[in-house]
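Okay, here's what each chain looks like letter by letter:
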Amino acid sequence: AKFDGRGMQRFYEAGMDQPLQARQALKMELRRALAQGELELAYQPLLDLRAARVAGFEALLRWRHPKRGLIPPAEFIPVAEETGLIVPIGEWVLHEACREAAGWPDGVGVAVNLSPLQFRKPGLVDAVGAALAASGLDASRLELEITESVLLHHSEGNLSQLHELRGLGVRIAMDDFGTGYSSLGYLRSFPFDKIKIDRSFTSDLPDGIQSLAIIQAVTALGRNLGIVTLAEGVETRQQLAILEAQGCDMAQGYLFGRPVSAQHVGRVLLLDHRL
Ligand code: C2E
Ligand code: CA
Ligand code: CA
Ligand code: CA
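Source: prediction; values computed, not measured. (Residues numbered from 1 in each chain as written. Chains lettered and ligands numbered in written order. Predicted model: local features only at pLDDT ≥ 70, side-chain atom pairs only at ≥ 80, totals over all residues. Heavy atoms only, no water.)

**Considering the confidence of the model for the protein**
Within the protein, residue pLDDT values average 90, and 90% of them lie at 70 or more. This prediction of the complex comes with two scores: 0.92 for pTM and 0.98 for ipTM. (pLDDT = per-residue confidence, 0-100.)

Below, the structure written as structure tokens:
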């Protein structure tokens, strides 16, 4: 099916509300994008605040469309999830991220986002193992980011998959912490290695009293449970100062660096991140 750029634009903005036909068309385009190498990863630095160094990068999916330019994930991941294409795309992300990270210095890890759907299909543990084996990346340098919804649905199977993944030696981070519900129960049912405090809390600083109280509680919880805490979306030095005062372990955000293409990772590593 063909449609003009304007129809596509409208589709991207409206997401799921668009007609089935447009979704089918985007699905076919996405399939082609995967096959023809139009997908790529951008890498955003993850800062270890105490050591004042880049401890790793989060891999973030981009679609370099031949006509429409660089498309952010929010505009195609919903359709990729709806159509199941996120499974082969997610597998590609795992392989690409591990392959590229294998060329970085030993102390620098990579974090990969997993869709809840990847947990519902068999073969996730094998796919992660295969990506590690093919790249030669040490498992300790790979972190998998999952959202609470992974534990919400199909929880028993998902829980045992999480334990199997942990068994490979990779770390598991809870993404967007605080945006779902009954988060604390999930921390009891699975021993996460890291909590990523959602950007909505950070962006409320310095004025948001409620957000500050939640950040305070989560960092204290992390300290007591031995879980690393990372604040997402740090954009100002003032936010950073507050997070450091709370004892937050790590941070990510435009203050330290926007996502960059793979060839610029080395340059980011050379920068001095003491602020
Ligand atoms: P996320 O996992 O929460 O990733 C962080 C998002 O916040 C990224 O957006 C990043 O560019 C943005 N960000 C980082 N620092 C700042 C900041 O200081 N200010 C602001 N305003 N934004 C900041 P991006 O790359 O557009 O990704 C959006 C979402 O798409 C991700 O949210 C994640 O849920 C999803 N995603 C990205 N790559 C993948 C992937 O490979 N697989 C899956 N399943 N989902 C992915
Ligand atoms: Ca993430
Ligand atoms: Ca996040
Ligand atoms: Ca988010």
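**With respect to the packing of aromatic side chains**
Per the counting criterion, the structure on display carries four aromatic pairs. Put simply, the rings of Tyr43, Phe57 and Trp104 pair up and form one aromatic cluster. (Phe/Tyr/Trp six-rings, centres within 6.5 Å; stacked < 30°, edge-to-face > 60°.)

**A closer look at the coordination of the calcium ion (ligand 3)**
Note on the calcium ion (ligand 3): its protein donors are Asp175 (OD), Asp176 (OD), Glu232 (OE) and Glu232 (OE). The metal-donor distances range over 1.9 to 2.9 Å. All donor residues of the calcium ion (ligand 3) come from one chain, and their arrangement in sequence is D-D-x55-E. Its relative accessible area of 10% is what places Glu232 among the buried residues. (Donors = N, O, S within 2.8 Å, 3.2 Å for Na, K, Ca; no water. Buried < 20%, exposed > 50% of the residue type's maximum accessible area, 1.4 Å probe, protein only.)

**A short note on the pairing of strand E8 (residues 228–231)**
Regular strands show a simple pattern: their side chains alternate between the two faces of the sheet. In this structure, strand E7 (residues 194–197) lies alongside E8, joined through four bridges in parallel fashion. If you follow Lys194 over to E8, its bridge partner there is Val228. Where E8 meets strand E9 (residues 250–251), two bridges bridge the pair, whose relative direction is parallel. Paired with Leu230 across the two strands is Met250, which belongs to E9. After leaving E8, the chain enters helix H12 (residues 237–245) and then returns to the sheet as E9, a path that is right-handed. (Pairing = 2+ DSSP bridges. Helix = DSSP H or I, 4+ residues; strand = E, 2+ residues; numbered from the N terminus. Right-handed = clockwise from strand over helix to strand, strands pointing away.)

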